[in-house]
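The primary structure of each chain is shown beneath.
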Amino acid sequence: MKVIIPTDDEYRQVLGAFCSGITVVTTAFAGTPIGMTCQSFFSVSLDPPMIAFSPARTSTTYPVIRETGAFAVNVLSDHQSWIAGQFARRGVNKWKGIRWTAAEITGCPLLDEAIATVECVIEQEYSVGDHFITIGSVQSLRTDPAKRPLLYFRSQFSSLAS
Ligand SMILES: Cc1cc2nc3c(=O)[nH]c(=O)nc-3n(C[C@H](O)[C@H](O)[C@H](O)COP(=O)(O)O)c2cc1C
């Protein structure tokens, strides 16, 4: 069997053809809100309800999320690309201009205007290459049917044609 080993650029170009939504994964550490932008969010199980995201080993935010044992996935709306950009930056105040409320069960920040939020406790973590896969057991859910999602395709933010 022929095995093709792609360059990093080829890999990113091909995988970038997979269009997705964008999330900000948040937690509260000793009362302080913490968060990071994540494309790698997916549903794993319906019964029981479980979801996953995939944080990089190099993330400085993820070890804090792991320590709290809980997180919220905030699925961003089409007008929130600035939030995706802000939460992808290290060494800035990621929470500047961000309005949020604490989730009922875990206290994790739920961002105002998100199209959907999923509150979770950490169930399992797998180490995979240069990332982890973190499985969350769903504690609460909500969505706003009037909102439209932010999309990510070939390294660009986009929205659905109306
Ligand atoms: C569109 C987009 C999607 C991203 N998806 C992920 C992801 O799935 N997993 C991840 O670890 N980092 C992802 N990042 C990068 C993190 O948001 C970023 O490295 C992090 O927030 C900053 O580093 P910190 O964790 O040390 O604060 C993404 C960034 C962008 C702009």
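Above this text is the structure in question.
Definitions and cut-offs
Residues numbered from 1 in each chain as written. Predicted model: local features only at pLDDT ≥ 70, side-chain atom pairs only at ≥ 80, totals over all residues. Heavy atoms only, no water. 1 Å grid on protein atoms, 1.4 Å probe; cavity = no way out; pocket = protein on both sides within 12 Å on 5 of 7 lines; lining within 4 Å. Points joined across faces, edges and corners; volume = space filled by probe spheres on them. Helix = DSSP H or I, 4+ residues; strand = E, 2+ residues; numbered from the N terminus. Nonpolar A, V, L, I, M, F, W, Y, C, P; charged D, E, K, R; others polar. Core = buried A, V, L, I, M, F, W, Y, C linked by side-chain atoms within 4.5 Å. Buried < 20%, exposed > 50% of the residue type's maximum accessible area, 1.4 Å probe, protein only. Near = heavy atom within 4 Å. Polar contact = N/O pair within 3.5 Å; in protein donor to acceptor, adjacent residues only side chain to side chain. Salt bridge = Lys/Arg side-chain N within 4 Å of Asp/Glu carboxyl O.

S.K.: Help me out: how do you make sense of the layout of surface pockets in this one?
M.R.: Once rolled over the atoms, a probe with the size of a water molecule shows which space is left empty. Here the largest pocket is characterised by a volume of approximately 1500 Å³. Take the lining of the largest pocket: its biggest share by element is 4 residues, from helix H1 (residues 8–15). Broken down by class, the residue content of the lining of the largest pocket amounts to 19 nonpolar, 14 polar and 7 charged.

S.K.: Help me understand the nonpolar core in this model?
M.R.: The tendency in soluble globular proteins is for nonpolar side chains to be buried as a group. Core analysis: the largest hydrophobic core is formed by 16 residues, its most contacted members being Val25, Ile51, Phe71 and Val73. When contributions to this core are tallied by element, the ones reaching two or more residues are strand E3 (32–38), strand E5 (50–53), helix H2 (62–68), strand E6 (70–75), strand E9 (116–128) and strand E10 (131–143). In terms of nonpolar packing, the next biggest core, distinct from the first, is built from 10 residues, Ile83, Ala84, Phe87 and Ile98 among them.

S.K.: How do you make sense of the site of the ligand when you look at a structure like this?
M.R.: Near the ligand lie 17 residues; those nearest to it are Ser40, Ala56, Ser59, Thr60 and Arg90. Ser40 places a side-chain nitrogen or oxygen 2.6 Å from an oxygen atom of the ligand. Within the contact set of the ligand, a nitrogen atom lies 2.9 Å away from a backbone nitrogen or oxygen of Ser54. Top contributing element to the shell around the ligand by residue count: E3, with 3 residues. When its residues are assigned to classes, the shell around the ligand shows 8 nonpolar, 7 polar and 2 charged.

S.K.: Can you help me understand the pattern of salt bridges in this one?
M.R.: Once their charged atoms are close, side chains differing in charge can pair, the charge on each being opposite to the other. Scanning all chains against the criterion turns up 5 salt bridges. Residue Asp9 pairs with Arg12 through a salt bridge whose shortest N-O separation is 3.8 Å. Residue Asp9 and its partner Arg12 are both found in helix H1; the two are separated by 3 residues, about one turn of the helix. For the pair formed by Asp9 and Arg12, the shared burial category is exposed. In this structure, Lys147 and Asp144 form a salt bridge, with 2.8 Å as the shortest nitrogen-oxygen distance.

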